[in-house]
Amino acid sequence: MENKKNFNNNKKLSQSYLLKNCLIIDNGKNKIFKNDIFIKNKIIEDIDKNLTNKIDPETSIIECEGMYVAAGLVDMRVNITEPGLEHKETIESASKAAASGGITSIICMPNTTPPIDQPAIIHSIQRKARKVALSKIFCTGCVTRNFEGKEICELRLMKESGAVGFTDGYKTISNTRVMRRAFNYAKSFDGLIIQHAEDPFLKGNGVANEGEISTRMGLLGIPSYAEAMIVQRDLWMVNETNCRYHVSHISTKETVEIIRSAKKKGLPVTCDTSPPYFILNELALENYRTFSKLSPPLRTEEDRKSIVEGICDGTIDAISSDHTPQDQDAKRLPFNQAEFGGVGLETLLPLTLSLVNNEKIDLLKAISLVTINPSKILKLDVGRIEKKKEADLCIFSISKPWKVNPEKFHGKSKNSPFDGILVEGKNLMTFVRGRLVYES
Amino acid sequence: MIKNKSLKKFPHDHLLGIEGLSPPDLNYLLDLSDYFAMHLDKKNTEKFKYLKNKICINLFFENSTRTRTSFELAGKKLGADMLNISVASSAIKKGETLIDTAMTLNAMQPDVLVVRHQDAGAVKLLSEKVNCGVINAGDGPHEHPTQALLDALTIKKRKGKISGLKIAICGDIMHSRVARSNIHLLNTLGAEIRVIGPATLIPKNIESLGVKVFYEMKSGLANVDIIIMLRLQLERMSGSFVPSIREYFRFYGLDREKLKFADANALILHPGPMNRGVEIDSELADDLDRSAIFEQVQMGVAVRMACLKTIVENKAKNGK
């Protein structure tokens, strides 16, 4: 019922809108200013003061006094699970969740069934997305066939078909020879290699960060350096090949330090983190809450603080939701047996804004972490507010308080590690290609 | 029946672990166990039938002989109707989830469930889904509270106290729920705990539970009053955590030579089942002056009687 009211997926509708008196967060010019935005034929026709007189009569006027308008959010790590596991999430449900969270571009991970390891899968996802998706959907492709870590896929053909980067999803490419070859090969066509950094041998069957908490709870631990080790290893090859390298959802102090110094050396390395790693720590595992079972695992408070520092000083380039839907049956289990991951599309904006509300970073910087920065890393033409560009916009209130209630989420799965917490800041309206796709 | 009327009530509906229990909680269970232990050998046990018409289900997801039998015997002595559910022949093997199993058993309205599971936290998860009291009979490497209680009772009976004793726990600490429960319990009651083992079998940050770590039996056993030997699981013996049985026994197996490092009256405990010649010398295990291993088994029944009675009565009082 609610969906019908709030969402609009009528693709033929080409309406024009005037957003009046909005506070525009322009990360291109790096300033926030008050203006009107005129949207017509999918694009931002004009940004100026007092556009009321210049518009067509059939334009819908939306009063945005006191609201912020940012470029639609770009979420660079989303697991959609269609095709293959449609009971967890579909392209349609993920894009609804995204639209309600202010996300207009989803970058989906290749861990579908079958995996995105050939161009045909990308075509099929894009075809489906054109039909049902409210937001823009971009695909990444596997680095190795069927995530086996043995042979590299048709990276270049996939890039031609629209793959924006290459990653083995939740699998670390552990074979250094294969990794080196992938870097070398991707380098030749300016491909981006994205790594989930976690040494698979050290991880073993581990389910939690190794330390006091895992010892007390009797859970098998994963040493935190399992992450830094892989990043350090990969950086040798990045140094040699000069291939662009991105580390996903970093979670430890050591990783932040390694990437900070690699950036100082000028290596082409970028990284992102996800809200759980700068908001929660391993104490969230209390009572064996399986919603807090994430990969990488939640770390210590010291790690969490380092991640915040990494965000503040620019070591961490972007924030992704790391949206990993799991149905009830995959989480209502003893901790060891439960699946990893948490949903995040609908909480990405307020949790990122929490850094502003806690006075860690300013609003411009916070928004850049979820718009222009990921867009630049992936070389996409989204994530900025500019005249004559497609109107992908997120209109939000920075201070509106609400309680995270996954039952009200629009995605299919409800496994949020933030279940029940109070947040500030809420997406009010989402525009994709000039269409108002969501209104709260 | 209990003379000491000053005993405080045990304030919990379930017994899921030792961590978080206060000294009065522990002393309540220990004193009640002691009472049962003193009267166990008497022929007239009719007066112990506190749990007549109560239903107790033993739900063991992991194989167990001694703990399950011990609970069964304890329940029978209290007059309860005991049911055993063997996982090998049940729907759990057919893919039923833990929560569904819990709901099914709950519908049978038992008064208490005694549960062992291979995963840490599984017993707590199950306790959240049922209306009856739940006793943890071991959840993965997390806790095994009744074992810790029976160890404490054995120590108390032999040494007259727990506070101030030096206690060494030796062997596979990492995979041992017995070690964790014992550390919590004996620490809470004021003992000084050491753990001894090769570093591959000592979990990270175990010091934060309030123990001292030793990698050598000689230094670790110096002047200790109690030695708790842990069982080394077969699959961990060769190559994965320790290189071989003989190397392990040479450095960490308890024999008369190593026992000399400890206090002259040091007492040996082992939760069983023993691997003779792996973690403990066979002859030493049978030495009734030094080893309390068979006494532990007797105390086990008394402790489980106390726990069953306490949990069933608490739940009955607090309403279902």
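Asker: How should the overall build of chain B be read in this particular structure?
Answerer: Looking only at helices and strands, chain B has 11 helices and nine strands in total. Taken over the C-alpha trace, chain B has a radius of gyration of 19 Å; the compact-globule value for 320 residues is 20 Å, and the two agree within 12%. Taken over the C-alpha atoms alone, chain B extends approximately 55 × 50 × 35 Å along its principal axes. The long-range share in chain B, meaning contacts at least 24 apart out of those at least 6 apart in sequence, stands at 73%. Roughly 13,300 Å² of accessible area belongs to chain B as shown, and the carbon and sulfur atoms make up 51% of that amount. Taken together, the 45 basic and 36 acidic charged side chains of chain B have centroids lying 4 Å from each other.

Asker: In this structure, what is going on with the overall build of chain A? I would like to understand it.
Answerer: When you go through chain A residue by residue, the secondary structure sums to 15 helices and 18 strands. For 440 residues, the compact-globule formula gives about 22 Å, and the C-alpha radius of gyration of chain A, at 21 Å, lands near that figure. Here chain A holds 440 residues, and 63% of them are scored as buried. Within chain A, residue pairs in contact and separated by at least 24 positions form 74% of the contacts whose partners lie at least 6 positions apart. Carbon and sulfur atoms form 48% of the exposed surface of chain A, whose accessible area is close to 17,100 Å². Of the side chains in chain A, 61 bear a positive and 55 a negative charge, and the two mean positions are spaced by 4 Å.

Asker: I tried to follow the confidence of the model for chain B on my own but got confused; where do I start?
Answerer: Detail in the predicted coordinates should be disregarded across regions flagged by low pLDDT. Scored by pLDDT, chain B has a mean of 90; 92% of the residues are at 70 or more. At the level of chain-chain contacts, confidence expressed as ipTM amounts to 0.89, with global pTM at 0.91.

Asker: Would you explain the pattern of salt bridges in this entry?
Answerer: Two side chains of opposite charge can pair, provided their charged atoms sit close to one another. Summed over all chains, the structure comprises 41 salt bridges over all chains. Where Glu19(B) meets Arg216(A), a salt bridge forms, and the shortest distance between an N and an O atom there is 2.6 Å. Here Glu19(B) is found in the segment before α1 (23–39), whereas its partner Arg216(A) is found in helix α7 (residues 212–217) on a different chain. Residue classification places Glu19(B) among the partly exposed residues on the basis of a relative accessible area of 37%. Between Arg256(B) and Glu283(B) there is a salt bridge, with its nearest N and O atoms 3.6 Å apart. On the criterion of sequence distance, the pair formed by Arg256(B) in helix α9 (residues 256–259) and Glu283(B) in helix α10 (residues 282–285) is long-range, its members being 27 residues apart. Residue classification places Glu283(B) among the exposed positions, given a relative accessible area of 53%. What you see here is one network of salt bridges that share partners, running through Lys136(A), Glu390(A), Asp392(A) and Arg433(A).

Asker: Please explain the interface of chain A and chain B as it appears in this structure.
Answerer: Many descriptions give the size of an interface as the accessible area lost when the pieces come together. At the junction of the two partners, chain A supplies 16 residues and chain B supplies 22 residues. Between chain A and chain B, a total of about 1,700 Å² is buried, with carbon and sulfur atoms accounting for 55% of that surface. Viewed at the interface, chain B and chain A are joined by two salt bridges. Where chain A touches chain B, the interface holds seven residue pairs in polar contact (both at pLDDT 80 or more). Looking at the side of chain A that touches chain B residue by residue, the classes come out as six nonpolar, six polar and four charged.

Asker: What exactly am I supposed to notice about unusual backbone geometry here?
Answerer: Peptide bonds are trans in most cases, and residues, glycine excluded, mostly fall at negative phi. Cis rather than trans, the peptide bond between Glu82(A) and Pro83(A) has omega equal to 5°. You can see Pro83(A) is positioned in the loop between β6 (73–78) and α2 (91–100). The residue after Ser295(A), namely Pro296(A), is reached through a cis peptide bond having omega -5°. Topologically, Pro296(A) is positioned in the loop between α10 (275–279) and α11 (301–312). Its identity as a non-glycine residue notwithstanding, Asn205(B) has a phi of 60°, on the positive side.

Asker: So what exactly am I meant to see when it comes to the state of the cysteines here?
Answerer: When the sulfur atoms of two cysteines share a covalent bond, that bond is a disulfide. Residues and elements named next belong to chain A. Tallying each qualifying case throughout the model produces zero disulfides over all chains. Unpaired in terms of disulfides, Cys312 finds its nearest cysteine sulfur in Cys271, a separation of 13 Å. We classify Cys312 as partly exposed; its relative accessible area is 33%.

Asker: For this particular structure, what's the right way to read the pairing of strand β10 (residues 192–195) of chain A?
Answerer: Every regular strand shows the same layout, with side chains that alternate between the two sheet faces. All names here are of chain A. Burial along β10 is two-sided: the residues Leu192 and Ile194 and Ile193 and Gln195 are all buried. Two elements, β10 and strand β13 (residues 244–247), share four bridges in a ladder whose sense is parallel. Among the inter-strand pairings, Ile194 is bridged to a residue of β13, identified as His246.

Asker: Explanation requested: the packing of α1(B) against helix α5 (residues 145–159) of chain B in the structure shown.
Answerer: Axes are the key here: two packed helices are described by the angle between their axes and the distance separating the axes. All names here are of chain B. Orientation of α1 relative to α5, taken along the N-to-C sense of each, is 65°, at an axis distance of 10 Å. Regarding the angle of α1 to α5, the classification is roughly perpendicular. Two packed elements cross with a definite hand, and for α1 against α5 that hand is right-handed. Along the contact surface, α1 presents Leu26, Asn27, Leu29, Leu30, Asp31, Ser33, Asp34, Ala37 and Met38, while α5 presents Leu149, Ala152, Leu153, Lys156 and Lys157.

Asker: Any chance you could explain helix α9 (residues 253–264) of chain A here in plain terms?
Answerer: Side chains that are three or four residues apart share a direction in an α-helix, a result of its 3.6 residues per turn. Residues and elements named next belong to chain A. A rise of 1.5 Å per residue sets the reference length of α9, with its 12 residues, at 16 Å; its end C-alpha atoms lie 17 Å apart and thus fit the reference within 8%. Within α9, burial applies to Thr255, Val256, Ile258, Ile259 and Ala262. What you see down the axis of α9 is that its buried residues fit within an arc of 165°, all on one side. On the buried face of α9, the contacting elements are α8 (225–241), β13, β14 (269–273) and α11.

Conventions we followed
- Residues numbered from 1 in each chain as written.
- Chains lettered and ligands numbered in written order.
- Predicted model: local features only at pLDDT ≥ 70, side-chain atom pairs only at ≥ 80, totals over all residues.
- Heavy atoms only, no water.
- Helix = DSSP H or I, 4+ residues; strand = E, 2+ residues; numbered from the N terminus.
- Rg over C-alpha atoms; globule rule 2.2 N^0.38 Å.
- Contact = heavy atoms within 4.5 Å.
- Areas by Shrake-Rupley, 256 points an atom, 1.4 Å probe, with all protein chains shown as cover.
- Lys, Arg positive; Asp, Glu negative; His and termini not counted.
- Charge placed at Lys NZ, Arg CZ, Asp CG, Glu CD.
- Buried < 20%, exposed > 50% of the residue type's maximum accessible area, 1.4 Å probe, protein only.
- pLDDT = per-residue confidence, 0-100.
- Salt bridge = Lys/Arg side-chain N within 4 Å of Asp/Glu carboxyl O.
- Buried area = accessible area lost by both parts, 1.4 Å probe.
- Polar contact = N/O pair within 3.5 Å; in protein donor to acceptor, adjacent residues only side chain to side chain.
- Nonpolar A, V, L, I, M, F, W, Y, C, P; charged D, E, K, R; others polar.
- Disulfide = S-S within 2.5 Å.
- Pairing = 2+ DSSP bridges.
- Axes fitted to C-alpha atoms, helices over the stretch in contact; angles between N-to-C directions.
- Parallel < 35°, antiparallel > 145°, perpendicular 65-115°, else oblique.
- Left-handed = near helix turned anticlockwise from the far one by under 90°.
- Expected span 1.5 Å × (residues − 1).
- Arc of directions from axis to C-beta.

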